[in-house]
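# Chains, contacts and geometry: an overview
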Amino acid sequence: MEKIKLEILDLSPSQLQAGSFTLILSEVNGDRRLPIIIGMFEAQAIAIEMENIQPTRPLTHDLFKSFSKSFDFSIEEIQISDISEGVFYSKIICTDGIRQKNIDARPSDAVAIALRFNAAIYTNENVLKEAGISASDLGEQIETEAEEEETIVVPVKSGQDILSLHVDDLKNLLEEAIKNEDYEKAAKIRDEIEKRN
């Protein structure tokens, strides 16, 4: 079956399931999108790597990378290989240069690992036919969700938010959030610092 290359288009809180996130993968040579609902911890693992945030201690996916490299295994690619009753299935394709192994994984974990290894993400026509949506349909959906979405405020102290802080205070707060492994808060603070620069 022909492989279709995907790239990460967006990662945002899900409007459909509280506490979940929507990972949107985009067809590289087409206009279809593949939205996948993932958990908060998996979203955090993806976001940390996308934003080049260095955690103070290795996360599970970082540990997987260290373990693989210690045994001279590399990740060639990941494949979102199937969907059944709304559940996605994927494989991590790895090699030691001689043997190739396919490891079953949840798509969210596979994508987090692909990012750490700079590996390509693929799917196939069957998955895109069943779960893919066109870019224009997705645009309408995101526009509707954005109208309903409220501004997220990161509380610092009682009655205070990041918008009222000086850049130097934000940098200190960013370091503290990373130290406390509060990566969602760290990403929001970093975004605010970048807006001001």
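See above for the structure.
Sequence order as written defines the numbering, with residues in each chain counted from 1. Residues qualify for local features only when their pLDDT is at least 70, as the model is predicted, and side-chain atom pairs are given and counted only at 80 or more; totals for whole chains, interfaces and linings, by contrast, use all residues. Note: side-chain values were computed over all heavy atoms of the structure, leaving out hydrogens and water.

Turning to the pairing of strand β7 (residues 120–124), a few remarks are in order. Here's how the labels work: a residue is buried when its accessible area is under 20% of the maximum for its type, exposed when over 50%, partly exposed in between, all with a 1.4 Å probe on protein chains only. A run of H or I in DSSP counts as a helix once it spans at least four residues, and a run of E counts as a strand once it spans at least two, with each numbered from the N terminus. Of all five residues in β7, five are buried, a share of seventy percent or more. In β7, alternate side chains face the same way, and those of A120, Y122 and N124 on one face and I121 and T123 on the other are all buried. For two strands to count as paired, DSSP must find a minimum of two bridges between them. Pairing of strand β1 (residues 3–13) with β7 involves four bridges; the strand directions are antiparallel. Its bridge partner lying in β7, L6 is registered against I121. In this sheet, β7 lies alongside strand β4 (residues 74–84) in parallel orientation, the contact comprising three bridges. Each residue of the ladder has a partner; that of E77, found in β7, is A120.

Helix axes are fitted to C-alpha atoms over the stretch in contact, other axes to C-alpha atoms as well, and angles between N-to-C directions run from 0 to 180 degrees. Axis separation between helix α2 (residues 60–70) and helix α3 (residues 107–117) bottoms out at 9 Å; the angle between their running directions is 55 degrees. The angle between α2 and α3 falls in the class oblique. The element α2 and its partner α3 pack so that their crossing is right-handed. Residue-level contacts link H61, D62, F64, K65, S68 and K69 of α2 to D109, A112, I113, R116 and F117 of α3. Residues that form the contact of α2 with α3 fall into these classes: four nonpolar, two polar and five charged. Each angle receives one of four descriptions, namely roughly parallel if under 35 degrees, roughly antiparallel if over 145, roughly perpendicular if within 65 to 115, and oblique otherwise. In this scheme the handedness of a crossing depends on how the near helix is turned from the far one: anticlockwise by less than a right angle means left-handed, clockwise means right-handed. By definition, residues are in contact when any of their heavy atoms lie within 4.5 Å. In this count, Pro and Cys sit with the nonpolar residues alongside Ala, Val, Leu, Ile, Met, Phe, Trp and Tyr, while Asp, Glu, Lys and Arg are called charged and the others, Gly among them, polar.

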